[in-house]
Amino acid sequence: MADLEQALAEVAAEMAARGDRGEVASYIPQLGRVDAGKFGIAAATNDGRVLVAGDAGEAFSIQSISKVFTLTLALGEKGDALWKRVGREPSGNPFNSIVQLEHENGIPRNPFINAGAIVISDVLLAGHQPRETIGEILRFVQFLADDETITIDSAVAASERATGYRNFALANYMKSFGNLHHAPEMALGVYFHHCAIAMSCRQLALAGRFLANGGRQPSTGHSVISAERARRISALMLTCGHYDGSGDFAFRVGIPGKSGVGGGILAIVPGVASLAVWSPGLNANGNSKLGSIALEKLAKMMNWSVFAP
Ligand code: GLN
(Lines give C-alpha, C1' and ligand atoms only; values in the text may rest on other atoms or scores of the structure.)
Protein backbone atom coordinates (compact mmCIF):
# COMPACT_ATOMS: atom_id res chain seq x y z
CA MET A 1 0.00 0.00 0.00
CA ALA A 2 1.24 3.49 -0.87
CA ASP A 3 2.15 6.12 1.72
CA LEU A 4 -0.92 8.36 2.11
CA GLU A 5 0.94 11.66 2.18
CA GLN A 6 2.85 10.75 -0.93
CA ALA A 7 -0.29 9.46 -2.67
CA LEU A 8 -2.13 12.74 -2.00
CA ALA A 9 0.77 14.79 -3.37
CA GLU A 10 0.99 12.58 -6.45
CA VAL A 11 -2.75 12.79 -7.18
CA ALA A 12 -2.77 16.58 -6.61
CA ALA A 13 0.17 17.10 -8.97
CA GLU A 14 -1.44 14.96 -11.65
CA MET A 15 -4.81 16.72 -11.34
CA ALA A 16 -3.26 20.21 -11.38
CA ALA A 17 -1.68 19.39 -14.73
CA ARG A 18 -4.81 18.03 -16.44
CA GLY A 19 -6.41 19.96 -19.26
CA ASP A 20 -10.01 18.77 -19.50
CA ARG A 21 -11.44 19.95 -16.18
CA GLY A 22 -15.25 20.00 -16.79
CA GLU A 23 -17.61 22.98 -16.58
CA VAL A 24 -17.82 25.22 -13.52
CA ALA A 25 -21.43 25.66 -12.28
CA SER A 26 -22.76 28.95 -13.60
CA TYR A 27 -26.37 29.18 -12.39
CA ILE A 28 -25.26 31.91 -9.99
CA PRO A 29 -22.38 34.32 -10.71
CA GLN A 30 -20.68 33.58 -7.37
CA LEU A 31 -20.00 30.00 -8.43
CA GLY A 32 -19.30 30.85 -12.07
CA ARG A 33 -16.41 33.12 -11.07
CA VAL A 34 -14.42 30.35 -9.34
CA ASP A 35 -11.12 29.44 -11.05
CA ALA A 36 -11.49 26.03 -12.77
CA GLY A 37 -7.75 25.49 -12.29
CA LYS A 38 -8.09 24.94 -8.54
CA PHE A 39 -7.55 21.50 -7.05
CA GLY A 40 -7.37 20.56 -3.39
CA ILE A 41 -7.43 17.29 -1.47
CA ALA A 42 -7.32 16.43 2.24
CA ALA A 43 -7.47 13.34 4.44
CA ALA A 44 -8.26 13.23 8.15
CA THR A 45 -7.37 9.77 9.45
CA ASN A 46 -8.87 7.99 12.44
CA ASP A 47 -5.40 7.83 13.96
CA GLY A 48 -5.34 11.64 14.12
CA ARG A 49 -3.36 12.73 11.06
CA VAL A 50 -4.53 15.53 8.76
CA LEU A 51 -2.77 15.40 5.41
CA VAL A 52 -3.37 17.87 2.59
CA ALA A 53 -2.22 18.69 -0.93
CA GLY A 54 -2.91 21.40 -3.52
CA ASP A 55 -5.46 24.13 -2.71
CA ALA A 56 -6.71 22.27 0.37
CA GLY A 57 -6.76 25.40 2.55
CA GLU A 58 -9.00 27.46 0.28
CA ALA A 59 -12.69 27.74 1.17
CA PHE A 60 -15.30 26.87 -1.47
CA SER A 61 -19.09 26.57 -1.50
CA ILE A 62 -19.89 23.11 -0.12
CA GLN A 63 -23.41 23.17 -1.59
CA SER A 64 -25.04 19.73 -1.46
CA ILE A 65 -22.32 18.23 0.72
CA SER A 66 -24.06 20.15 3.52
CA LYS A 67 -26.96 17.69 3.14
CA VAL A 68 -24.85 15.07 4.97
CA PHE A 69 -24.65 17.35 8.01
CA THR A 70 -28.34 18.35 8.00
CA LEU A 71 -29.35 14.69 7.65
CA THR A 72 -27.15 13.83 10.64
CA LEU A 73 -28.78 16.56 12.73
CA ALA A 74 -32.31 15.62 11.65
CA LEU A 75 -31.74 11.92 12.40
CA GLY A 76 -30.41 12.88 15.81
CA GLU A 77 -33.55 14.95 16.48
CA LYS A 78 -36.25 12.82 14.89
CA GLY A 79 -34.81 9.33 14.79
CA ASP A 80 -36.32 6.81 12.40
CA ALA A 81 -39.61 8.77 12.21
CA LEU A 82 -37.73 10.86 9.64
CA TRP A 83 -38.14 8.08 7.09
CA LYS A 84 -41.89 8.70 6.92
CA ARG A 85 -41.14 11.97 5.14
CA VAL A 86 -38.20 11.07 2.95
CA GLY A 87 -37.16 7.82 1.23
CA ARG A 88 -33.88 5.93 1.04
CA GLU A 89 -33.75 4.92 -2.59
CA PRO A 90 -31.45 6.25 -5.29
CA SER A 91 -33.37 8.52 -7.63
CA GLY A 92 -31.64 7.84 -10.93
CA ASN A 93 -32.54 11.46 -11.69
CA PRO A 94 -30.76 14.82 -11.59
CA PHE A 95 -30.51 16.53 -8.20
CA ASN A 96 -33.26 19.04 -8.93
CA SER A 97 -35.71 16.75 -10.73
CA ILE A 98 -39.42 17.13 -10.00
CA VAL A 99 -40.86 14.18 -11.96
CA GLN A 100 -40.78 11.44 -9.29
CA LEU A 101 -42.46 13.63 -6.68
CA GLU A 102 -45.89 13.35 -8.26
CA HIS A 103 -45.83 9.55 -8.46
CA GLU A 104 -44.54 9.30 -4.93
CA ASN A 105 -47.04 11.70 -3.36
CA GLY A 106 -44.59 14.40 -2.42
CA ILE A 107 -42.21 12.04 -0.54
CA PRO A 108 -38.73 12.64 -2.01
CA ARG A 109 -36.70 9.58 -2.95
CA ASN A 110 -33.79 10.34 -0.61
CA PRO A 111 -32.37 13.10 1.63
CA PHE A 112 -29.63 14.08 -0.85
CA ILE A 113 -31.69 15.23 -3.82
CA ASN A 114 -32.86 18.83 -3.44
CA ALA A 115 -36.47 17.90 -2.58
CA GLY A 116 -35.26 15.56 0.18
CA ALA A 117 -32.91 18.12 1.64
CA ILE A 118 -35.68 20.75 1.65
CA VAL A 119 -37.82 18.36 3.73
CA ILE A 120 -34.86 17.88 6.11
CA SER A 121 -34.61 21.68 6.44
CA ASP A 122 -38.32 21.74 7.27
CA VAL A 123 -37.78 19.07 9.95
CA LEU A 124 -34.93 21.08 11.49
CA LEU A 125 -37.16 24.19 11.58
CA ALA A 126 -39.61 22.66 14.08
CA GLY A 127 -39.97 25.10 16.99
CA HIS A 128 -37.42 27.53 15.56
CA GLN A 129 -37.11 30.62 13.43
CA PRO A 130 -35.11 30.03 10.20
CA ARG A 131 -32.27 32.15 11.59
CA GLU A 132 -31.98 29.89 14.65
CA THR A 133 -31.96 26.72 12.55
CA ILE A 134 -29.33 28.16 10.22
CA GLY A 135 -27.24 29.03 13.28
CA GLU A 136 -27.69 25.53 14.68
CA ILE A 137 -26.50 23.92 11.42
CA LEU A 138 -23.48 26.23 11.18
CA ARG A 139 -22.50 25.60 14.82
CA PHE A 140 -22.83 21.85 14.26
CA VAL A 141 -20.48 21.98 11.27
CA GLN A 142 -18.04 24.17 13.24
CA PHE A 143 -18.16 21.65 16.10
CA LEU A 144 -17.56 18.71 13.74
CA ALA A 145 -14.57 20.42 12.13
CA ASP A 146 -13.46 21.89 15.47
CA ASP A 147 -13.17 25.25 13.73
CA GLU A 148 -15.23 28.33 14.60
CA THR A 149 -14.01 30.29 11.59
CA ILE A 150 -16.32 28.41 9.19
CA THR A 151 -18.98 30.77 7.81
CA ILE A 152 -21.90 31.00 5.43
CA ASP A 153 -21.33 33.01 2.25
CA SER A 154 -24.37 35.28 2.36
CA ALA A 155 -23.93 36.45 -1.25
CA VAL A 156 -24.19 32.82 -2.41
CA ALA A 157 -27.27 32.27 -0.23
CA ALA A 158 -28.94 35.44 -1.59
CA SER A 159 -28.26 34.43 -5.20
CA GLU A 160 -29.58 30.93 -4.60
CA ARG A 161 -32.82 32.49 -3.39
CA ALA A 162 -32.99 34.97 -6.27
CA THR A 163 -32.57 32.24 -8.90
CA GLY A 164 -34.07 29.25 -7.07
CA TYR A 165 -37.23 28.90 -9.15
CA ARG A 166 -36.93 25.14 -9.37
CA ASN A 167 -36.29 24.72 -5.65
CA PHE A 168 -39.33 26.93 -4.97
CA ALA A 169 -41.31 24.67 -7.31
CA LEU A 170 -40.14 21.55 -5.44
CA ALA A 171 -40.99 23.08 -2.06
CA ASN A 172 -44.42 24.32 -3.14
CA TYR A 173 -45.20 20.96 -4.70
CA MET A 174 -44.30 19.09 -1.52
CA LYS A 175 -46.31 21.59 0.52
CA SER A 176 -49.35 20.72 -1.60
CA PHE A 177 -48.94 17.07 -0.49
CA GLY A 178 -48.59 18.12 3.14
CA ASN A 179 -44.92 17.10 3.34
CA LEU A 180 -43.71 20.55 4.40
CA HIS A 181 -44.89 21.76 7.80
CA HIS A 182 -43.62 25.31 7.42
CA ALA A 183 -44.02 27.92 4.70
CA PRO A 184 -41.94 26.91 1.64
CA GLU A 185 -39.90 30.13 1.86
CA MET A 186 -38.93 29.32 5.45
CA ALA A 187 -37.69 25.81 4.61
CA LEU A 188 -35.91 27.21 1.56
CA GLY A 189 -34.29 29.96 3.64
CA VAL A 190 -32.65 27.23 5.73
CA TYR A 191 -31.80 25.14 2.66
CA PHE A 192 -30.16 27.98 0.69
CA HIS A 193 -28.08 29.02 3.69
CA HIS A 194 -26.73 25.56 4.49
CA CYS A 195 -25.84 25.06 0.83
CA ALA A 196 -23.88 28.34 1.05
CA ILE A 197 -21.55 27.18 3.85
CA ALA A 198 -17.96 27.78 2.73
CA MET A 199 -15.26 25.31 3.79
CA SER A 200 -11.83 24.19 2.71
CA CYS A 201 -10.95 20.55 1.95
CA ARG A 202 -9.09 20.45 5.24
CA GLN A 203 -12.13 21.64 7.22
CA LEU A 204 -14.45 19.32 5.34
CA ALA A 205 -12.28 16.24 5.88
CA LEU A 206 -12.17 17.09 9.60
CA ALA A 207 -15.96 17.53 9.70
CA GLY A 208 -16.49 14.07 8.15
CA ARG A 209 -14.37 12.17 10.68
CA PHE A 210 -17.32 10.93 12.73
CA LEU A 211 -18.58 8.97 9.71
CA ALA A 212 -15.28 7.12 9.32
CA ASN A 213 -15.12 6.47 13.05
CA GLY A 214 -18.41 4.82 14.08
CA GLY A 215 -20.21 8.10 14.81
CA ARG A 216 -17.54 9.45 17.17
CA GLN A 217 -15.20 12.38 16.75
CA PRO A 218 -11.80 10.65 16.93
CA SER A 219 -9.96 13.62 18.48
CA THR A 220 -12.33 14.13 21.42
CA GLY A 221 -14.15 10.77 21.56
CA HIS A 222 -17.45 12.72 21.56
CA SER A 223 -20.37 10.76 20.17
CA VAL A 224 -21.98 12.69 17.29
CA ILE A 225 -24.45 9.98 16.32
CA SER A 226 -24.78 6.23 16.97
CA ALA A 227 -22.48 3.87 15.08
CA GLU A 228 -25.49 2.32 13.38
CA ARG A 229 -26.72 5.69 12.08
CA ALA A 230 -23.22 6.63 10.92
CA ARG A 231 -23.16 3.42 8.86
CA ARG A 232 -26.55 4.20 7.40
CA ILE A 233 -25.61 7.75 6.45
CA SER A 234 -22.57 6.31 4.67
CA ALA A 235 -24.81 3.77 2.90
CA LEU A 236 -26.97 6.62 1.61
CA MET A 237 -23.87 8.49 0.46
CA LEU A 238 -22.81 5.43 -1.53
CA THR A 239 -26.23 4.84 -3.11
CA CYS A 240 -27.48 8.43 -3.49
CA GLY A 241 -24.56 10.83 -2.93
CA HIS A 242 -23.89 11.55 -6.60
CA TYR A 243 -27.49 11.67 -7.94
CA ASP A 244 -27.78 9.85 -11.26
CA GLY A 245 -24.00 9.38 -11.19
CA SER A 246 -24.11 7.41 -7.91
CA GLY A 247 -23.80 3.99 -9.54
CA ASP A 248 -20.79 5.08 -11.53
CA PHE A 249 -19.09 6.61 -8.48
CA ALA A 250 -19.65 3.40 -6.46
CA PHE A 251 -18.35 1.34 -9.39
CA ARG A 252 -15.24 3.44 -9.98
CA VAL A 253 -14.34 4.69 -6.50
CA GLY A 254 -15.93 2.07 -4.24
CA ILE A 255 -16.40 4.20 -1.11
CA PRO A 256 -19.28 6.42 0.04
CA GLY A 257 -19.15 10.01 -1.23
CA LYS A 258 -21.29 13.14 -1.33
CA SER A 259 -20.80 15.77 -3.99
CA GLY A 260 -21.83 19.41 -4.34
CA VAL A 261 -22.12 21.70 -7.37
CA GLY A 262 -19.32 23.82 -5.92
CA GLY A 263 -17.03 20.99 -7.06
CA GLY A 264 -16.40 19.42 -3.66
CA ILE A 265 -16.76 15.77 -2.64
CA LEU A 266 -16.69 14.37 0.91
CA ALA A 267 -15.76 10.68 0.88
CA ILE A 268 -15.52 8.16 3.70
CA VAL A 269 -13.20 5.19 4.12
CA PRO A 270 -14.95 3.43 7.02
CA GLY A 271 -12.59 2.77 9.92
CA VAL A 272 -9.75 4.62 8.21
CA ALA A 273 -10.26 8.21 7.09
CA SER A 274 -12.50 11.03 5.95
CA LEU A 275 -11.47 12.57 2.62
CA ALA A 276 -12.34 15.84 0.92
CA VAL A 277 -11.52 16.86 -2.60
CA TRP A 278 -12.29 20.04 -4.56
CA SER A 279 -12.09 20.78 -8.25
CA PRO A 280 -14.75 23.24 -9.47
CA GLY A 281 -15.31 21.80 -12.98
CA LEU A 282 -18.29 19.42 -13.13
CA ASN A 283 -19.17 16.41 -15.27
CA ALA A 284 -22.53 15.92 -17.00
CA ASN A 285 -24.20 14.77 -13.75
CA GLY A 286 -23.14 17.90 -11.87
CA ASN A 287 -20.42 16.12 -9.88
CA SER A 288 -16.78 17.25 -9.71
CA LYS A 289 -15.04 15.81 -12.74
CA LEU A 290 -11.46 15.75 -11.48
CA GLY A 291 -12.64 15.23 -7.91
CA SER A 292 -14.14 11.86 -8.88
CA ILE A 293 -11.08 10.91 -10.92
CA ALA A 294 -8.77 11.89 -8.05
CA LEU A 295 -10.71 9.79 -5.55
CA GLU A 296 -10.71 6.84 -7.95
CA LYS A 297 -6.92 7.08 -8.23
CA LEU A 298 -6.36 7.56 -4.53
CA ALA A 299 -8.64 4.63 -3.59
CA LYS A 300 -6.76 2.44 -6.02
CA MET A 301 -3.34 3.51 -4.74
CA MET A 302 -4.36 2.99 -1.11
CA ASN A 303 -6.37 -0.19 -1.83
CA TRP A 304 -9.48 1.41 -0.26
CA SER A 305 -12.91 -0.01 -1.02
CA VAL A 306 -15.96 -0.93 1.03
CA PHE A 307 -16.11 -4.06 -1.13
CA ALA A 308 -12.67 -5.38 -0.25
CA PRO A 309 -11.26 -6.65 3.06
N1 GLN B 1 -27.79 24.86 -4.00
C2 GLN B 1 -27.81 23.93 -5.09
C3 GLN B 1 -29.22 23.80 -5.62
O4 GLN B 1 -30.12 23.80 -4.83
C5 GLN B 1 -27.28 22.62 -4.60
C6 GLN B 1 -27.24 21.57 -5.66
C7 GLN B 1 -26.04 20.67 -5.59
O8 GLN B 1 -25.01 20.96 -4.97
N9 GLN B 1 -26.12 19.59 -6.31
O10 GLN B 1 -29.45 23.74 -6.81
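Everything that follows concerns the structure shown earlier in this document.
A brief structural summary. All values derive from a computational prediction rather than experimental measurement.

## Examining the overall build of the chain
Scanning the chain from terminus to terminus reveals 14 helices and 10 strands. For the chain, whose C-alpha radius of gyration is 18 Å, the value lies close to the compact-globule estimate of 19 Å for 309 residues. Dimensions of the chain, computed from C-alpha atoms along their principal axes, come out at roughly 55 × 40 × 35 Å. Burial analysis of the chain (309 residues in total) assigns 57% to the buried set. Of the contacts made within the chain by residues no fewer than 6 positions apart, 67% connect residues no fewer than 24 positions apart. Only carbon and sulfur atoms are counted for the fraction: they give 51% of the accessible area of the chain, which is about 12300 Å². With 27 positive and 28 negative side-chain charges, the chain shows a spacing of 4 Å between the two charge centroids.

## Digging into unusual backbone geometry
Trans is the common state for peptide bonds, and a negative phi is the common state for residues other than glycine. The phi dihedral of aspartate 146 is positive, around 55 degrees, even though this residue is not glycine. If you trace the backbone, aspartate 146 turns up in the loop between helix 6 (130-145) and strand 5 (151-152). Even without being a glycine, asparagine 303 presents a positive backbone phi close to 60 degrees. Note on placement: asparagine 303 falls in the segment after helix 14 (289-302).

## Examining the nonpolar core
Within the largest apolar cluster, 64 residues are counted, with the highest numbers of intra-cluster contacts made by Phe69, Leu71, Ile118, Met199 and Leu204. The element contributing the most residues to this core is helix 5 (residues 114-125), with 8 residues. What leucine 204 contacts, discounting residues up to four positions off in sequence, is Phe60, Ile62, Ile65, Phe69, Met199, Leu266, Ser274 and Ala276. One finds Ala7, Ala273, Ile293 and Ala299 within the second-largest nonpolar core, a separate group that totals 28 residues.

## A look at helix 1 (residues 4-17)
With 14 residues, helix 1 extends 20 Å from end C-alpha to end C-alpha; this agrees with the ideal 20 Å at 1.5 Å per step. In this fold, the buried residues of helix 1 make contact with strand 2 (40-45), strand 3 (50-54) and helix 14.

## Comments concerning the packing of helix 3 (residues 66-78) against helix 6
Two quantities define a packed helix pair, namely the angle between the helix axes and the distance between the axes. The geometry of helix 3 relative to helix 6 is characterised by a closest axis approach of 10 Å and an angle of 105 degrees between their N-to-C directions. Considering the angle they form, helix 3 stands roughly perpendicular to helix 6. Contact with helix 3, carried on its side by Phe69, Thr70, Thr72, Leu73 and Glu77, involves Glu136, Ile137, Phe140, Val141 and Leu144 of helix 6 and no other residues of that element. In terms of residue class, the contact of helix 3 with helix 6 is built from 6 nonpolar, 2 polar and 2 charged.

## Quick notes on the sheet that holds strand 6 (residues 197-199)
Spatially, 4-6-5 is the arrangement adopted by the 3 strands of the open sheet, whose pairing is antiparallel. Each edge of the open sheet carries a strand with a single partner, namely strand 4 (60-61) and strand 5. Bridge analysis of strand 4 against strand 6 gives 2 bridges, and the strand direction is antiparallel. Across the sheet, residue phenylalanine 60 finds its bridge partner in strand 6, namely methionine 199. Across the sheet, helix 6 touches strand 5 and strand 6, and the angle it forms with strand 6 is around 15 degrees.

## Remarks on helix 3
Over its 13 residues, helix 3 runs 18 Å from end to end, which matches the ideal 18 Å to within 8%, given 1.5 Å per residue. Of all 13 residues in helix 3, 10 are buried; the element is thus mostly enclosed. Among all positions of helix 3, only Ser66, Lys67, Val68, Phe69, Thr70, Leu71, Thr72, Leu73, Ala74 and Leu75 are buried. After helix 3 finishes, the residue glycine 79 shows a positive phi value of roughly 65 degrees.

## Examining the packing of aromatic side chains
Under the counting rule described, the total for this entry stands at 5 aromatic pairs. Geometrically, the ring pair formed by tyrosine 173 and phenylalanine 177 is edge-to-face, given 5.3 Å between the ring centres and 90 degrees between the ring planes. Judged by its relative accessible area of 24%, tyrosine 173 is partly exposed. What makes phenylalanine 177 partly exposed here is its relative accessible area of 34%. Among the aromatic side chains, those forming a connected cluster through ring pairs are Phe168, Tyr191 and Phe192.

Calculation rules
Residues numbered from 1 in each chain as written. Predicted model: local features only at pLDDT ≥ 70, side-chain atom pairs only at ≥ 80, totals over all residues. Heavy atoms only, no water. Helix = DSSP H or I, 4+ residues; strand = E, 2+ residues; numbered from the N terminus. Rg over C-alpha atoms; globule rule 2.2 N^0.38 Å. Buried < 20%, exposed > 50% of the residue type's maximum accessible area, 1.4 Å probe, protein only. Contact = heavy atoms within 4.5 Å. Areas by Shrake-Rupley, 256 points an atom, 1.4 Å probe, with all protein chains shown as cover. Lys, Arg positive; Asp, Glu negative; His and termini not counted. Charge placed at Lys NZ, Arg CZ, Asp CG, Glu CD. Core = buried A, V, L, I, M, F, W, Y, C linked by side-chain atoms within 4.5 Å. Expected span 1.5 Å × (residues − 1). Axes fitted to C-alpha atoms, helices over the stretch in contact; angles between N-to-C directions. Parallel < 35°, antiparallel > 145°, perpendicular 65-115°, else oblique. Nonpolar A, V, L, I, M, F, W, Y, C, P; charged D, E, K, R; others polar. Pairing = 2+ DSSP bridges. Phe/Tyr/Trp six-rings, centres within 6.5 Å; stacked < 30°, edge-to-face > 60°.

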